[in-house]
Amino acid sequence: MLDRDETRSATRAGAGGFELHGFCRSLYPIARSITGPGVRETLAHVARHVPLEIHEVASGTPVLDWHVPEEWSIRAATIRSLSGEVLVDFAAHSLHVMGYSVPVSGVFSREALAAHVHTLPERPGIIPYRTGYYARDWGFCMAHETWERMRDAEYRVEIDSTLAPGSLTYGEAFFPGEEEGEVLVSAHVCHPSLANDNLSGIAVATALGIAAREAGARRRLGLRLLFVPATIGTIAWLARNEARLGAIRAGLVLTCLGDTGPFHYKRSRQGTALVDRAVAHVLGGGETPHALLPFTPDGYDERQYCSPGFDLPVGCLMRGVHGRFPEYHTSEDNCDFITQAALERSLAVAQAALDVIDGDVTWVRTDGRGEPQLGRRGLYRAISGQTTSAAASQMDLMWFLNLADGAHSLLDMAERAGVPFARLQAAARLAEAAGLVARVTVSDEFIGDTPLGAKDFPHA
Amino acid sequence: MLDRDETRSATRAGAGGFELHGFCRSLYPIARSITGPGVRETLAHVARHVPLEIHEVASGTPVLDWHVPEEWSIRAATIRSLSGEVLVDFAAHSLHVMGYSVPVSGVFSREALAAHVHTLPERPGIIPYRTGYYARDWGFCMAHETWERMRDAEYRVEIDSTLAPGSLTYGEAFFPGEEEGEVLVSAHVCHPSLANDNLSGIAVATALGIAAREAGARRRLGLRLLFVPATIGTIAWLARNEARLGAIRAGLVLTCLGDTGPFHYKRSRQGTALVDRAVAHVLGGGETPHALLPFTPDGYDERQYCSPGFDLPVGCLMRGVHGRFPEYHTSEDNCDFITQAALERSLAVAQAALDVIDGDVTWVRTDGRGEPQLGRRGLYRAISGQTTSAAASQMDLMWFLNLADGAHSLLDMAERAGVPFARLQAAARLAEAAGLVARVTVSDEFIGDTPLGAKDFPHA
Amino acid sequence: MLDRDETRSATRAGAGGFELHGFCRSLYPIARSITGPGVRETLAHVARHVPLEIHEVASGTPVLDWHVPEEWSIRAATIRSLSGEVLVDFAAHSLHVMGYSVPVSGVFSREALAAHVHTLPERPGIIPYRTGYYARDWGFCMAHETWERMRDAEYRVEIDSTLAPGSLTYGEAFFPGEEEGEVLVSAHVCHPSLANDNLSGIAVATALGIAAREAGARRRLGLRLLFVPATIGTIAWLARNEARLGAIRAGLVLTCLGDTGPFHYKRSRQGTALVDRAVAHVLGGGETPHALLPFTPDGYDERQYCSPGFDLPVGCLMRGVHGRFPEYHTSEDNCDFITQAALERSLAVAQAALDVIDGDVTWVRTDGRGEPQLGRRGLYRAISGQTTSAAASQMDLMWFLNLADGAHSLLDMAERAGVPFARLQAAARLAEAAGLVARVTVSDEFIGDTPLGAKDFPHA
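None of the values given here were measured: they were computed from a predicted structure.

A closer look at the interface of chain C and chain A
Accessible area lost when the parts come together is the quantity often used to give the size of an interface.
At step 1: Taken together, the contact between chain C and chain A spans 26 residues of the former and 27 residues of the latter.
At step 2: Between chain C and chain A lies a buried interface of about 2200 Å² when both sides are counted; carbon and sulfur atoms form 49% of it.
At step 3: Sorting the residues of chain C by area buried against chain A places Arg 369, Glu 371 and Asn 402 of chain C first, and these three jointly supply 29% of that buried surface.
At step 4: In this assembly, chain C and chain A are joined by five salt bridges.

Things to note about the side chain of Ser 101 of chain A
Residues and elements named next belong to chain A.
At step 1: Structurally, Ser 101 is set in the loop between β5 (86-89) and β6 (104-109).
At step 2: Note on Ser 101: relative accessible area 0%, which makes it buried.
At step 3: Here the side chain of Ser 101 touches Met 98 through a polar contact of 2.8 Å, landing on its backbone oxygen.
At step 4: Look past the residues within four positions of Ser 101 in its chain and what remains in contact with it is Trp 72, Asp 137, Trp 138, Gly 139, Ile 159 and Ser 161.

Some words on helix α10 (residues 340-359) of chain B
At step 1: With 20 residues, α10 of chain B extends 28 Å between its outermost C-alpha atoms, agreeing within 8% with the 28 Å of an ideal straight helix rising 1.5 Å per residue.
At step 2: With 15 of 20 residues buried, α10 of chain B is to be regarded as a mostly interior element.

Details of the domain arrangement of chain A
All names here are of chain A.
At step 1: Along its sequence, chain A is organised into domain 1 (4-69 + 167-359), domain 2 (71-164) and domain 3 (362-456).
At step 2: Between the C-alpha centres of domain 1 and domain 2 the distance comes to 31 Å.
At step 3: At the junction of the two partners, domain 1 supplies 25 residues and domain 2 supplies 17 residues.
At step 4: Between domain 1 and domain 2 the total buried area reaches about 1600 Å² when both faces are included, carbon and sulfur atoms providing 56% of it.
At step 5: Linking domain 1 with domain 2 are two salt bridges, by the criterion used here.
At step 6: Between Glu 71 and Arg 40 there is a salt bridge, and its shortest N-O distance comes to 3.0 Å.
At step 7: Here domain 1 and domain 2 share nine residue pairs in polar contact (both at pLDDT 80 or more) between them.
At step 8: Classifying every residue of the side of domain 1 that touches domain 2 by side-chain character gives twelve nonpolar, ten polar and three charged.

Thoughts on the packing of helix α8 (residues 274-283) of chain C against helix α10 (residues 340-359) of chain C
Residues and elements named next belong to chain C.
At step 1: At a minimum axis distance of 9 Å, the contact between α8 and α10 shows a crossing angle of 130 degrees. In this view, α8 runs oblique relative to α10, as classed from their interaxial angle. The way α8 lies across α10 gives a crossing that is right-handed. When α8 is examined against α10, the residues Leu 274, Val 275, Ala 278, Val 279, Val 282 and Leu 283 are found in contact with a partner set consisting of Val 349, Ala 352, Ala 353, Val 356 and Ile 357.
At step 2: The residue makeup of the contact of α8 with α10, split by class, is eleven nonpolar, no polar and no charged.

So, the pairing of strand β18 (residues 405-409) of chain C
All names here are of chain C.
At step 1: Summarising burial for β18: four of the five residues are buried, a large majority.
At step 2: The pairing of strand β17 (residues 362-365) with β18 spans two bridges and is antiparallel. Following the sheet pairing, Thr 362 is matched in β18 by Ser 409.

Structural notes on the relation of the copies chain C and chain A
There are two copies of the chain, and a rotation about an axis plus a shift along that axis relates them.
At step 1: Once chain C has been moved 0.0 Å along the axis and rotated by 120 degrees, it coincides with chain A to within an RMSD of 0.1 Å. Taken together, these values place the two copies in the relation of a three-fold axis.
At step 2: Comparing contact sets, just 4% of the residues at the interface of chain C also lie at the interface in chain A, consistent with a heterologous contact between different surfaces.

With respect to unusual backbone geometry
Residues and elements named next belong to chain A.
At step 1: Cis geometry is adopted by the peptide bond preceding Asn 198, which originates at Asp 197 and carries an omega value of 20 degrees.
At step 2: The residue Asn 198 is located in helix α6 (residues 195-215) in this model.
At step 3: Its identity is not glycine, yet Tyr 100 carries a phi of approximately 70 degrees, on the positive side.
At step 4: Checked against the element boundaries, Tyr 100 lands in the loop between β5 and β6.
At step 5: What makes Tyr 100 buried here is its relative accessible area of 2%.

What counts, and at which threshold
Residues numbered from 1 in each chain as written. Chains lettered and ligands numbered in written order. Predicted model: local features only at pLDDT ≥ 70, side-chain atom pairs only at ≥ 80, totals over all residues. Heavy atoms only, no water. Contact = heavy atoms within 4.5 Å. Buried area = accessible area lost by both parts, 1.4 Å probe. Salt bridge = Lys/Arg side-chain N within 4 Å of Asp/Glu carboxyl O. Helix = DSSP H or I, 4+ residues; strand = E, 2+ residues; numbered from the N terminus. Buried < 20%, exposed > 50% of the residue type's maximum accessible area, 1.4 Å probe, protein only. Polar contact = N/O pair within 3.5 Å; in protein donor to acceptor, adjacent residues only side chain to side chain. Expected span 1.5 Å × (residues − 1). Domains from an automatic or database assignment. Nonpolar A, V, L, I, M, F, W, Y, C, P; charged D, E, K, R; others polar. Axes fitted to C-alpha atoms, helices over the stretch in contact; angles between N-to-C directions. Parallel < 35°, antiparallel > 145°, perpendicular 65-115°, else oblique. Left-handed = near helix turned anticlockwise from the far one by under 90°. Pairing = 2+ DSSP bridges. Least-squares fit on C-alpha atoms with pLDDT ≥ 70 in both.

Shown next, in the form of structure tokens:
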């Protein structure tokens, strides 16, 4: 239930000098991995738009069950014929070298080289993406047709890389809200030249940060943006912030948001958390092709946020789904595969979901009971029996006032009434201006001595 | 699951000298509004059949967020040509004058009059129904073809009405039961010459009262009948009875029960209250065309009973739905639109629902556990393996005894067994006569020191 | 979700010298009833394979609402022509005499005899099964065509039976487990020459006992096998074990397991008990044609176990359903109606359900939170991006580790992941061997001072 207006407004918010597809293009050539200069350069781009705090976690640092690995730097890599012809060159495409390849220099027989070559024989024109973070191995990825043409007995192989103690880098931006709680938005920054996965997520998260910066202090909940290397980066962040995770009311992992397919939302492990309901509401109503997926323990960093013990209310918003689109983890996931319009629509959906989460407050009738007289407050059509074009919003107001009993949040109401969240928000503003309702604050709900009586059984 | 027998019995109960359609015809000409002599005359008709207590609430009395309005009396209203020809006459149809029209007397240009004329241009032969209770305006309702024929430059307009301090009138009948709780039946009495909405509801409620009077003291729960002006009347009643609302175990608003369409039951705001389950059970089983509708905050007085803070378990039983049938709020909603057979069937459904609610008690095996030996009590077919025509009721008895654990009411059992409520009631009588079960009283359930242990969490 | 391997293993377990169909054939001729030598002879057959404790309950003993009846012995019964020709002979088929027929000896007119003759006129070639335990009557069951051929005026009738104080007999075997709880398997032993109902159930229960004996002490829960006369035998057992019923965690009534139709599982009265979920899981996945039936208070001994007050978590596993297959309770329910293959498959299903129940333990991550690093433990494919044939079990392990939070049992996991229980069991073994998880014991869950915090609200 995303109004056209909301789409425009979200796009506008992100449009102040920031062009989503252009941002992806500027990041595309950078050779990223889970550590190293590529991540730092990427974060520097983001930091031009969003106030980003850069964190470095030293190699070897224990983080939960893991250790931060050595830092990997790659400067050059080639396969040449013995006559000196360059056949495969990392400078031409960052996918050509398997991530975390150890340095190598020497002449290899074609047979020996073959054990280090990754291709897609059934799709001979494209380069696959491979990593071997913990394998202490090296490898080249190339089009199968390139490999087929390489028929010499021996080749000269050079990988000028470093695998050495250093640090893991991630970026974090926080926009405080009026209340203690916060909403997490997370995008992984460890993939090299792959546009949908995940320059699209980085771009949308950056745009959300721009909008948050422009919105100033008007937000109820804090917004925390994370730009992290997948898995180990997220685990490092969780380990370093374990005591503060209770503040996270909702979260979204953003990825694969630039393709033109239908939306996919993978629910949090909890399944019916606020974020799950908010995204389902925003995508619902029939205008937005989409599918809601159950949680599974694979995928992106939602699996870390939703790991046992943490079990945070974090879902994953995608268009194309991890591993299910043909361009996934290949050289075809490039900037031609993603579009500005798709990115804008993704931004609008993400922004609308954050707006629902932020606006999901609870109201109670100041009188405590009964249907108020709208007419004397100018909130009712004067002569009953006439159908007016305002009938819909009249009904919205009646839904709001009927459910403003301190037990229904605005999203509860929107779900029950089957209308867009923003319309019940508008009804709430009308009713508040007329003195008919008061907001129920968190302390009323959970701490205070109120008739809601939810103190002992907050989940009942 | 309404047996043919039940239909006949309910019809019989209401048939003792009381003819539903004839009662509607006798009420049809009366010019009702939310206050005034029309309501009093209508209640006087009801009081001939049901012991009715008449309440008058003075104009200006604050009732919840509202105030009782001035009383409106209408004696005559006409539009005449300047030559004296009567073109529109309230005496011909009570719909001709907008409810709560202020008095007016004078000559108006056609153009000036037009602002006070209500028609249905797309249905030129029929008169619409309009009110303006709080508008301090006046108006005439007429067939559009009448208005089209009126081509004079000026007309003489007379409305002989009074809008002055007086009182709001409603009628209330109470039939006590053996227990403290009570069931509410409410019909609005403020519509002028409109048969389905709501002379049908008034007639069915009156017939229920006749049946209750005849049933004497055999009912478990009290039955309260309300004949009230819609909205303000109901709000006045709620305000004046606020301390006693806790006694209401279930309630039904009755309206639009005379047309021949399928039944519609609009659930209470709670959605799964006893009344919701009882009506669904009575309408279920496939023989009665019907639809169950979710609660919405518009409609009839159920919206007042179900307003926040009160949230009473009150649903609305209809055939045609508020605003959805073409005759709604027009001169076509007359006594030809409703039929005796439809009214009788509606009465049977309402009576059956009340019977389920009244009979929904809980039983417990006197032995506490186990399947009793039916054979030695003459409750089992003597030679197993033979199929007898009593197999169905044998199964009813087995369902009853299996679920007579103090945790299932008879309606719980009927729902689980998928059989009519009355058959489980019959099984209960058999089992009680055999000393196999004892009734669980409310005090056992909610107050006593029993293994049911529901004292602290009655809603758990 | 029953793997082919599981079928084989269960069959193997029961195959150690025990042949299901042969066992049914050896029991078929025995004239069983709810008491008497036929039951004892049947239990003696079972006791050759399973360590069976034989219980005798004296006639007249009060058991719940019932009394143990007199013991019935039948030695011979014939109908002869006055010329001495034997027309109906109990020695030829145990169904020929109505169960609990009193002794009779004399000459009866055809008309007088007719009142004691039971046939199936519409299926003239087959003998029905009739009993009259509490009727103090006598009767013969025969093919209708036999009766049609009997056109003499008088017949000589002899029933050499005894109905006298004695006892009711049942057999019980118990295989202890590591924990206090136990699983009940119950088969009725009171039907005479009827193969599917219930020699099949006796045979499968016996095979489960053989498997349990061979499995030794490796089971978590105790397994209790009951071979009881239906209804009165079960009631006697319940009455004599009332104080110990709390130990029953799950139970299955086994009957009609030899026909070749689809499986039917009738849920316990609770409806979602562990046994209900376990059987649904085992039958699910699409490979096993089956239907899940709701509880009803008729059928077999599950109705006793599930009677009010007891309400034990006991369901009923069948292929053909009680009363719904044409051979039911007739001479056509013979050893040709059941097959070895069907019995083996039934055994496999029952064994798999018991294995799920026994293996349904709860695990918790030793670290308390987070996704562990599988790679350094050899539990992850070394180079990501490669699809391997072990992907499925990789995913099983990830599901297991994600849900090993102390709040999900293995069956919870299998249901959520949609994979066979055994695969999550395998994942649990891998994870336990790697030190990643620890088992949550019952005392941790319900008694100890653990972070699970379930002490106060064990059902929350």
